[in-house]
Amino acid sequence: MFIASVIYAPVFAKSITGSSPDGKIEVTIADTHSPSYSITLNKLPILTESKLGLRFKQVSELGEGFSIQAVKQVAHHSTWQQPWGERKQVVDHHNEILVTFVANHDAKRLFAVRFRVFNDGVGFRYEVPKQPGLDSHIDITNELTEFAIADTKDSTAWWIPSRGWNRYEYIYQTSALSSVDRVHTPFTFKLGNGAHVSIHEAALVDYASMTLQQMRGGVLKADLTPWSDGILVKKTADFTTPWRTIQVSEDAIGLLNSDLILNLNEPTTLADTSWIEPGKYVGIWWGMHIAENTWGSGEKHGATTAETKRYMDFAAEYGFDGVLVEGWNIGWDGDWYNNGDVFNFTQAYDDFDIKEITQHGLAKGVRLIGHHETSGNVTNYRNQMDDAFALYQKHGVRQVKTGYVADGGNIKQIDDQGIVRKEWHDGQFMVNEYLHNVKQAAKYQISINTHEPIKDTGLRRTYPNWISREGARGQEYNAWGSPPNPPEHLPILAFTRMLSGPMDFTPGTFDMGFKGLGADTDRPQTTLAKQLAMYVVIYSPIQMASDLPRNYEKNLEAFQFIQDVPVDWHESKAIAGEVGEYVAFARQERGGEDWFVGALTNEDPRKLSLALDFLDKNKTYEAQIYRDGDSANWINNPYDILIEKKHVQASDTLKIPMASSGGFAIRFKAL
Ligand code: NOJ
Ligand code: CA
């Protein structure tokens, strides 16, 4: 580790400029009008003068009328290891600038903003020490942070709306930046000068989620999701905010080859992480989404002892680690969307014997994956959480999928006084609730895969048992989404949602025609090869083979790729792509020598020229290629797949065609 420190205090300059280690990104912090910052890439403006500050209920704001009092700069270069992830070693190389602002007429009023400038972008957070008026309980009523986009002319943005009923599960919009209203982060856009930018946050802990609201003149302003009483954030004195992040790159894939969000999170304090198990799973799941089964009891009940054993046998035969079972616990009968009060997390339906099932599975090396659907009634869940985890731990369960199906703003909590309050999924209350769940789970050596989650902000570094989450439209929308996910969905997702962290997308639909093919049906709007490519493109340390076993048994040749593909990586590189168009990743398995490539495209067919320079120069590999057949297209011929093998080396280039909404998946087996 290299740390050098330069301290200047006090300063009288009206601005201070710091740069990234490679000098390409510069940040200038100033107090010319009020505290502000601006960012350039290769001397071209990315963000112009953008305000900084916080407003409170109890005292006047920290912002206007404040000037720079002191500046401290530190260079940092270190490497740290992830227990699981896209890469084993992560480099944290940045220059830090800590700027203290003091009120012009009251030296006791102050706040600091800590900037970190990396080669792939900038992060900053507020640090507010105890001071008169801010010495106990504090209510934040406005965060003044701005992101003033340098030039919105000829820009393009990819976004989903915030504060809507459907949380994060929207089809992405592509538009000029100027037509954006209020959006979730990661918010990705391309400027007229070619720079790619994504605004997000890191280490969202005990604070409201930041969404962005467009103001006059291309200024995006922090818009924090409120509590049910209208307050944005409730803190006690001496606090810091999450990091506000601006990833900046000359090209689209630069956004993907970035560890900025993880680097701004705290290291874990868990001494033993050996119980956190990346892995592949199947589950009693898709059958409910395509209405072949039900979560609730009755003739079509999916979660029976016999059916679960059948899945466990299938899992064992094809090398899967777990079987997810939804609908085994009491509470699903009737309108489960609106009946969160009646979920019981320890009582099984009569036709489900958890002991028999888990013993059957463990004897074959397959674990049950637990499920806790809350339907947004988080108090009912909290009251049972410890018992629920204890039961699962007793039966060898190491992973639980949680669910918070409720409309935005409709999470039900019963507060200390017994009053029912309705909260947002991304307000401070739920930010804390989701983390509480993950921390409690750790006590039982259980990892959590959150559905209807709070967005990811890199907390897996601190809490590595937060193993995955949903937080966007996943495969389930292809069962009933009306409309399902369009062909451009994944090439947008890769550059937006996926910047925040792993996603439990649940790929691997082999039967696209469960309601018939065609363009207007609920079904995956992809080819089969694209379904395989997702296992490499959409990163998650847990990956589901989400279709019914019978559909895999009908096509074991293509299924082989899902069996072979790892979920944990030594190294990952985005090697080609444009937002919304196409994307390709190369990843090397952890603890082995094989490489894997996944590439996928939107509705436009295209040929990708794949230089194999990521391979070891001294080795020969067998490339096992799964690609679209020559007459494949997603609308009426999605199954046309060509599986071929050839010997290749690092000096080779493969030219591989992708069909309309197609893709390819390759295993490079080291010989
Ligand atoms: C929504 C989740 O995303 C889905 O995977 C699950 O099956 C249902 N909720 C039921 O919990
Ligand atoms: Ca969902």
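Residues numbered from 1 in each chain as written. Chains lettered and ligands numbered in written order. Predicted model: local features only at pLDDT ≥ 70, side-chain atom pairs only at ≥ 80, totals over all residues. Heavy atoms only, no water.

## Things to note about the overall build of the protein chain
In terms of regular secondary structure, the protein chain is built from 12 helices and 39 strands. A compact globule built from 671 residues should have a C-alpha radius of gyration of about 26 Å, and the protein chain, at 25 Å, falls within 12% of that. Judged by the C-alpha coordinates and their principal axes, the protein chain covers about 75 × 65 × 45 Å. The buried share of the protein chain, reckoned over its 671 residues, is 64%. Within the protein chain, residue pairs in contact and separated by at least 24 positions form 71% of the contacts whose partners lie at least 6 positions apart. Of the roughly 23,800 Å² that the protein chain leaves accessible, carbon and sulfur atoms contribute 47%. Of the side chains in the protein chain, 65 bear a positive and 84 a negative charge, and the two mean positions are spaced by 3 Å. (Helix = DSSP H or I, 4+ residues; strand = E, 2+ residues; numbered from the N terminus. Rg over C-alpha atoms; globule rule 2.2 N^0.38 Å. Buried < 20%, exposed > 50% of the residue type's maximum accessible area, 1.4 Å probe, protein only. Contact = heavy atoms within 4.5 Å. Areas by Shrake-Rupley, 256 points an atom, 1.4 Å probe, with all protein chains shown as cover. Lys, Arg positive; Asp, Glu negative; His and termini not counted. Charge placed at Lys NZ, Arg CZ, Asp CG, Glu CD.)

## A closer look at the coordination of the calcium ion (ligand 2)
Protein-derived coordination of the calcium ion (ligand 2) comes from Glu169 (OE), Glu452 (OE), Glu470 (OE), Glu470 (OE) and Glu476 (OE), at a distance range of 2.3 to 3.0 Å. Classification of the site at the calcium ion (ligand 2) as irregular follows from its six donor atoms and the range of 51 to 152 degrees in their angles at the metal. In the primary structure, the donors to the calcium ion (ligand 2) are separated according to the pattern E-x282-E-x17-E-x5-E. Here Glu470 lies in the loop between strand S30 (466–469) and helix H8 (477–480) and Glu452 lies in the loop between strand S29 (447–450) and S30, a separation of 18 residues in the sequence. Glu470 shares its class with Glu452; the two are buried. (Donors = N, O, S within 2.8 Å, 3.2 Å for Na, K, Ca; no water. Tetrahedral: all angles 85-135°; square planar, octahedral: opposite > 155°, others 65-115°.)

## Description of the site of ligand 1
Taken together, 14 residues are adjacent to ligand 1, and His289, Glu326, Glu373, Lys401 and His451 come closest. In this structure, Trp285 approaches ligand 1 through a side-chain N or O atom, which is 2.9 Å from an oxygen atom. A distance of 3.0 Å separates an oxygen atom of ligand 1 from a polar atom in the side chain of Glu476. Coverage of ligand 1 by the protein chains reaches 97% of its 290 Å² of free accessible surface. A class-by-class count of the residues in the shell around ligand 1 yields five nonpolar, three polar and six charged. (Near = heavy atom within 4 Å. Polar contact = N/O pair within 3.5 Å; in protein donor to acceptor, adjacent residues only side chain to side chain. Nonpolar A, V, L, I, M, F, W, Y, C, P; charged D, E, K, R; others polar.)

## Here we look at the packing of helix H4 (residues 305–318) against helix H5 (residues 354–363)
Think of two packed helices as two axes; the pair is described by the angle between the axes and how far apart they sit. Interhelical geometry of H4 versus H5 gives an angle of 10 degrees and a closest axis separation of 10 Å. Classified by the angle between their axes, H4 and H5 sit roughly parallel to one another. In this structure, H4 meets H5 at a crossing whose hand is right-handed. Where H4 approaches H5, its residues Thr305, Thr308, Lys309, Met312 and Asp313 are matched on the opposing element by Glu356, Ile357, His360 and Gly361. (Axes fitted to C-alpha atoms, helices over the stretch in contact; angles between N-to-C directions. Parallel < 35°, antiparallel > 145°, perpendicular 65-115°, else oblique. Left-handed = near helix turned anticlockwise from the far one by under 90°.)

## Here we look at the nonpolar core
Among the nonpolar cores identified, the biggest contains 172 residues, and Tyr37, Phe115, Phe187 and Ile246 are the most heavily contacted of them. By size, the runner-up hydrophobic cluster in this structure holds 24 residues, among which are Ala576, Leu608, Leu654 and Ile666. (Core = buried A, V, L, I, M, F, W, Y, C linked by side-chain atoms within 4.5 Å.)

## Here's the deal with the side chain of His289
Within the secondary structure, His289 is located in helix H3 (residues 286–289). Side-chain polar atoms of His289 contact the side chain of Trp285, separated by 3.2 Å. If near-sequence neighbours (up to four positions away) are discounted, His289 is found in contact with Trp295, Glu476, Ala479 and Trp480.

## A word on the pattern of salt bridges
Taken as a whole, this structure holds 40 salt bridges when the rule is applied. For Asp223, the salt bridge identified is with Arg182, shortest N-O distance 3.5 Å. Remark: Arg182 occurs in strand S15 (residues 182–183) and Asp223 occurs in strand S19 (residues 219–224); sequence separation between them is 41 residues. A relative accessible area of 27% means that Arg182 is categorised as partly exposed. Asp341 is the salt-bridge partner of Lys412, the closest N and O atoms lying 2.9 Å from each other. (Salt bridge = Lys/Arg side-chain N within 4 Å of Asp/Glu carboxyl O.)

## Side note on helix H6 (residues 378–394)
Relative to the 24 Å expected for 17 residues at 1.5 Å per residue, H6 spans 23 Å between its end C-alpha atoms, a close match to the ideal helical length. At Gln384, H6 shows its maximal kink, close to 55 degrees. In the core, the buried residues of H6 are packed alongside H5, strand S25 (367–373), strand S26 (399–403), strand S27 (411–414), helix H7 (428–443) and S29. (Expected span 1.5 Å × (residues − 1). Bend = angle between axes of the 7 residues up to and from the residue.)

## A short note on the packing of helix H10 (residues 528–537) against helix H12 (residues 556–564)
Interhelical geometry of H10 versus H12 gives an angle of 10 degrees and a closest axis separation of 9 Å. By the criterion of interaxial angle, the relationship of H10 to H12 is roughly parallel. Within the contact between the two elements, H10 uses Leu528, Leu532, Tyr535 and Val536 and H12 uses Ala558, Phe561 and Ile562. Here the residues of the contact of H10 with H12 sort into seven nonpolar, no polar and no charged.

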